[in-house]
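Structural characterization, general
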Amino acid sequence: MRFRHPDGSTVHLAYCTNVHPAETLDGVLAQLRDHCEPVRRRLGRDRLGIGLWLAKDAAHALVTDPSALRGLRCELDRRGLEVVTLNGFPYEGFGAEEVKYRVYTPDWADPERLEHTTSLARVLAGLLPDDVTDGSISTLPLAWRTACDERRAQTARTALRTLAERLDALQELTGRSIRVALEPEPGCVVETTRDAIAPLTAIAHDRVGICVDTCHLATSFEDPHTALHDLTRAGVPVVKSQLSAALHAEQPHLPEVREALAAFAEPRFLHQTRTSTAAGLRGTDDLDEALSGDALPDAGPWRAHFHVPLHAAPAAPLTSTLPVLKSVLTRLVGGPHPLTRHLEVETYTWQALPLELRPRGRTQLADGIAAELTLARDLLTDLGLKELP
């Protein structure tokens, strides 16, 4: 979906396909047929943006076979779909029964991460629509915190500089400008937008910026206006933003609140949980850890890294951090010029929701994704952007 900003520029809105597990190119093609095109039809649009997730095997198939890349581009066109951004965070196995800490490997100190992201950039350059020259790739924020010492951190920064040089060369070759965006996430070396400033200014290359995920920002209790002001002041580009909402519990000391939270503790993904105290941010790596004993202070609200559907906040006594998303979006695109032109709805946890909230089959999932995109579209038009055909 495309929108005209009042300054005349185009802002792109997509939804991320990491909600549909696929490890191979055939799986990606099936996603387009079984999920993405049905969502487009529900929205009544001739064109729908998707933030494509390509696992390592699918990316390898596309980068080593020009005919396969042309075939994917033709299939996108045929189904009324377009790609301007990729989710390069998960490497493989995102649809596994247990993902947890594995999503953070390989990290940026591992040569595989550099090679994979280089492949993604080459693929994206071939998938961009004919009238679009700028693409973006979100990626993990260097590494999980326990896997990174100063030596590995330096290796990671060197790898990102090498990537930036390769992206410069790619633009010279193709005329397409691809940028990569570190996505701060609780528990990682770069957990917050503030944590991103030092490594990104050290890399000092406009090909490497930040992806502001509004669930992650809210989980870490960051103030949206302060966060975005600090990024702007430091000259760190917001390459893309993922529109997502975290799980919020206002009174976690109450038994009924803990019972409601326990329904969201599940074995597939990590749900880092945080609370803000007078002594600073406190947290656990997972929701079940927070719920066991006194691992996390409960005098103030808790927020958990669980991407809940944008249009459907959990029932009381829980809610979502949708207000944070709205505040971020206002700052990102509500001013005289957009701070980013790539927006991506990313609710990959539909099948991890409590049983009674999960979609039953493809039809309900497509309805839910379309409802999320409708909400995002309405927020953008309320900010003065005009939806384009």
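Everything here concerns the structure above.
This structure is a prediction, so every number in the text was calculated from the model and none was measured. (Residues numbered from 1 in each chain as written. Predicted model: local features only at pLDDT ≥ 70, side-chain atom pairs only at ≥ 80, totals over all residues. Heavy atoms only, no water.)

1. Things to note about the environment of leucine 163
Where we set the bar: By the criteria applied, helices consist of DSSP H or I runs no shorter than four residues and strands consist of E runs no shorter than two, each listed in order from the N terminus. Any two residues whose heavy atoms approach within 4.5 Å are treated as being in contact.
Considering the arrangement of structural elements, one finds leucine 163 in helix H5 (residues 150–174). Counting along the chain gives 122 residues from leucine 163 to aspartate 285, while the straight-line C-alpha distance between them is 30 Å. Apart from the residues within four sequence positions on either side, leucine 163 is in contact with Trp108, Leu114, Thr117, Thr118 and Val180.

2. Quick look at the side chain of glutamate 266
Put simply, the rule is: For this analysis, a polar contact is any N or O atom pair within 3.5 Å, provided that within protein one partner can donate a hydrogen and the other can accept it, and provided that sequence-adjacent residues contribute only side-chain to side-chain pairs.
The topology assignment puts glutamate 266 in the loop between helix H9 (255–262) and strand E10 (273–277). Within the local environment of glutamate 266, its side chain forms a polar contact with the backbone nitrogen of arginine 268, the two atoms lying 2.8 Å apart. Contact partners of glutamate 266, with chain neighbours within four places excluded, come to Lys100, His271, Phe306 and Ala352.

3. Comments concerning the packing of aromatic side chains
Stated precisely, the cut-off is as follows: For Phe, Tyr and Trp, rings pair up if their centres lie within 6.5 Å, where Trp contributes its six-membered ring, and each pair is then called stacked (planes under 30 degrees apart), edge-to-face (over 60) or tilted (otherwise). Each residue is placed in one exposure class: buried if its accessible area under a 1.4 Å probe, protein chains only, is under 20% of its type's maximum, exposed if it is over 50%, and partly exposed if it falls in between.
Across all of its chains, the model carries eight aromatic pairs by this definition. Seen from their ring centres, phenylalanine 269 and tyrosine 348 are 5.0 Å apart, and the 75 degrees between their planes marks the pair as edge-to-face. Taken together, the residues phenylalanine 269 in the loop between H9 and E10 and tyrosine 348 in the loop between strand E14 (342–345) and helix H12 (362–382) connect sequence positions 79 residues apart. Across this residue pair, the class does not change: phenylalanine 269 and tyrosine 348 are buried. Among the aromatic residues, ring-to-ring pairing joins Trp53, Phe94, Phe269 and Tyr348 into one connected group.

4. Overview of the pairing of E14
Taken residue by residue, a regular strand's side chains alternate between the two faces of the sheet. Applied cut-off: Strands qualify as paired when DSSP identifies two bridges or more between them.
Along E14, one buried face is formed by His342 and Glu344 and the opposite face, lined by Leu343 and Val345, is buried too. Sheet topology places strand E2 (residues 10–16) next to E14; four bridges connect them, and they run parallel. Looking at the pairing, alanine 14 lines up with glutamate 344 of E14.

Honestly, that's just the spatial picture; any functional story needs more than this.
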